[in-house]
Amino acid sequence: MNSKESITVYGASSENIDAIYKEEAFELGRLIALSGHPLVCGGGKAGLMKAAIEGAIQAGGVTIGVLPEFMVERNWQHPSLTEMISTPDMHSRKRTMAQMSIAAIACPGGCGTLEELMEIITWRQLNLYRGRVVILNTGGYYDPLLDMLDRTIDSGFMRDDHKTLWEVSETPAEALALALKKLEATDFTQKIH
C-alpha cells in the first residue's frame, strides 16, 4: 500500500495528560497498522503522536511523520519513524498530511489539534479534501466542541447538511471503521462542484 493511502492522525503532543488518551491513541495506531494503511501524523516524540506511532510500530506498520524544518532542527521527531518528511512551514505540513491521506482522525488535543481538525473540516466543506473526517471522542473530550458545532447550525452559520462533514466515534475501532467507510454519492463533499 502506498503512502497516498495513509490515514492521518491528529493528536496532542503533551505528556501531561490522562493515560486513557495515550492508550486510545496507541490502540488507534495499532489498528491502523493492522488494516494495512500507513499512519501519517505530525511525527512528534511525545504525547498522542508518540502513542499512535508506537502502536503502529508494535503492530508492524508504516509510520510517516511530517514536521516543519524548525521542529526537525529542535529534534522533536520520533526516532523510530519509518519515514520523515520535512516541510518549510506549518501550512505545508498540514497540506502534505492531507494530500497523503484517505481519511483524518482527530484524537484529543490542544490548540494545534483543534486547529488541524477545524481546518480539515473546512477543507472538506470546500471540497479541497475528499477523505472522511472522524473525531475520536475519548471519554467525551470533544463534547463541548460538538455542542458548539451544533450551535453554529442552530444559529444559521452552517447548514444542517454540514453535519456530514465529520463523524464521531467513541472508540479507536469505531474511528477506523468510519475512516475506511466508502464515501457515498450522497455525502456533502460529492454535492459540491
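My aim in this report is to walk through the structure given alongside it, one point at a time. (Residues numbered from 1 in each chain as written. Predicted model: local features only at pLDDT ≥ 70, side-chain atom pairs only at ≥ 80, totals over all residues. Heavy atoms only, no water.)

Another aspect to go through is the layout of surface pockets. In this structure, the largest pocket spans a volume of roughly 360 Å³. If you go around the largest pocket, you meet 23 residues; those closest to its centre are Gly11, Ser13, Met49, Met71 and Arg93. Those elements that provide at least two residues to the lining of the largest pocket are β1 (6-10), α4 (90-100) and α5 (111-125). Among the elements that take part in the lining of the largest pocket, α5 stands out by supplying 5 residues, more than any other. (1 Å grid on protein atoms, 1.4 Å probe; cavity = no way out; pocket = protein on both sides within 12 Å on 5 of 7 lines; lining within 4 Å. Points joined across faces, edges and corners; volume = space filled by probe spheres on them. Helix = DSSP H or I, 4+ residues; strand = E, 2+ residues; numbered from the N terminus.)

Between its terminal C-alpha atoms helix α2 (residues 47-58) stretches 17 Å, which fits the 16 Å expected from 12 residues at 1.5 Å a residue. The complete set of buried residues in α2 reads Gly47, Leu48, Met49, Ala51, Ala52, Ile53, Gly55 and Ala56. The inward-facing, buried residues of α2 contact β1, α1 (19-34), β2 (39-41), β3 (63-68) and α4. Phi for Gly60, located one or two positions after α2, is positive at around 80°. (Expected span 1.5 Å × (residues − 1). Buried < 20%, exposed > 50% of the residue type's maximum accessible area, 1.4 Å probe, protein only. Contact = heavy atoms within 4.5 Å.)

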